[in-house]
Amino acid sequence: MRAAVLGSPIAHSLSPHLHRAAYRAMGLDEWRYDAFECDEAGLPAMLAGMGAEWAGLSLTMPLKRAVLPLVDTVSDLAVAVGGANTVIFRGGRSHGDNTDVYGIRQALAEAGVPAPRSATVLGGGATAASALAALRELDLGEATLVVRDPARAGETAAVAERLGMTLAVETFDKLDTAVRADLVVSTLPGSAADAYAPLLAGVPALFDVVYSPWPTRAATAVRQAGGTVVGGFAMLLHQAVLQVRLMTGREDVPVEAMRAAGEAEIRRRTAADQGDDSRK
């Protein structure tokens, strides 16, 4: 059986390391997991060319929304969130699903973060939409979304409406009041949240979806102030755990083996990056 992760760019995806570790631990010696560079234009042909040996796909940007009209069925959650990061092939049909929401919930639970009474999400992309869905599953009926341009938050606001949530949209110049919440979820890429580290330092809990380089300056500020910090690797790990479960149909997914493989690869990349810096 075959599975793969698709996206663009894809070279730095951790998914192959996580899924392959699961296959090894589960004794799935005839399974393989690859990574393919694929943009929105190439996705229809890629899906059409997959035969009976394919069990499923992991999808990263920019494919999570683009895949929805290309599969036979879509889960209610993926419809609500407006994106599928997983495709399952069964009986000649394709099914789109979302495991990012599960990944966020599991990451928060693993860190001991209680269900928040208030939450703020930074950024308005696909991960922000999944974060809103995770918060809704934690019985939160309202949240604040902080974006650079409210005019570009329409899709995320539509997600909140489908989820039955009340969403207040603010800009980053109002961040000092917006972060007065039990939980702040930063979906900003790379080190983008680091500029706001002084404002974030006092939050009770920060979920920063970045996993490398880690810890971010924002995460360090929160931790030093006594807050709880959740990193992006935990989300990536647990969404992959559910993907393996869906693709293989097995419940005995080896979480710790996958965790160890992912952490080892992050350490390897960090060491390689530091080596590159030292030669400059």
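Here is a short report on the structure shown in this document. (Residues numbered from 1 in each chain as written. Predicted model: local features only at pLDDT ≥ 70, side-chain atom pairs only at ≥ 80, totals over all residues. Heavy atoms only, no water.)

1. Regarding helix α5 (residues 126-137)
Since the α-helix turns once every 3.6 residues, residues separated by three or four places project in the same direction. Its twelve residues place the ends of α5 17 Å apart at the C-alpha level, agreeing with the 16 Å of an ideal helix rising 1.5 Å per residue. In terms of burial, α5 is largely enclosed, as nine of its twelve residues are buried. Those residues of α5 lying buried are Ala126, Ala128, Ala129, Ser130, Ala131, Leu132, Ala133, Ala134 and Leu135. Directly beyond the C-terminal end of α5, a positive phi value near 70° is found at Asp139. (Helix = DSSP H or I, 4+ residues; strand = E, 2+ residues; numbered from the N terminus. Expected span 1.5 Å × (residues − 1). Buried < 20%, exposed > 50% of the residue type's maximum accessible area, 1.4 Å probe, protein only.)

2. What about the pairing of strand β9 (residues 166-171)?
Summarising the sheet, strand β8 (residues 142-147) and β9 pair through six bridges and their orientation is parallel. In the sheet register, Thr144 faces β9, and the bridge partner there is Ala168. In this fold, the crossover linking β8 to β9 by way of helix α6 (residues 154-163) has right-handed handedness. (Pairing = 2+ DSSP bridges. Right-handed = clockwise from strand over helix to strand, strands pointing away.)

3. Things to note about unusual backbone geometry
Here the bond from Ser8 into Pro9 is cis, since omega is 0°, no more than 30 degrees from zero. Positionally, Pro9 belongs in the loop between β1 (2-7) and α1 (15-26). Here the bond from Met61 into Pro62 is cis, since omega is 10°, no more than 30 degrees from zero. Residue position: Pro62 is located in the loop between β3 (54-59) and β4 (73-74). A positive phi angle, close to 70°, is found at Asp139, a residue other than glycine. With respect to the secondary-structure elements, Asp139 resides in the loop between α5 and β8.

4. A look at the environment of Asp173
Mapping Asp173 onto the fold places it in the loop between β9 and α7 (175-178). Using a relative accessible area of 57% as the deciding quantity, one classes Asp173 as exposed. On a C-alpha basis, the gap between Asp173 and Val147 in space is 9.7 Å, while along the polypeptide they are 26 residues apart. One polar contact links Asp173 to Thr171, side chain to side chain, over a distance of 2.3 Å. (Polar contact = N/O pair within 3.5 Å; in protein donor to acceptor, adjacent residues only side chain to side chain.)

5. Thoughts on the packing of aromatic side chains
Evaluation of the coordinates by the stated rule reveals three aromatic pairs. Look at Phe172 and Tyr196: their rings are 4.8 Å apart centre to centre, the planes differ by 20°, and that puts the pair in the stacked class. In this pair, Phe172 sits in the loop between β9 and α7 while Tyr196 sits in the loop between β10 (183-186) and α8 (197-200), placing the two residues 24 residues apart along the sequence. Using a relative accessible area of 12% as the deciding quantity, one classes Phe172 as buried. Tyr196 gets classed as buried once you look at its relative accessible area, which sits at 17%. An aromatic cluster of at least three residues, connected via ring pairs, comprises Tyr23, Trp31 and Tyr33. Looking at Arg148, its charged tip hangs above the ring of Phe172, at a distance of 5.3 Å from the centre. (Phe/Tyr/Trp six-rings, centres within 6.5 Å; stacked < 30°, edge-to-face > 60°. Lys NZ or Arg CZ within 6 Å of the ring centre and 35° of its normal.)

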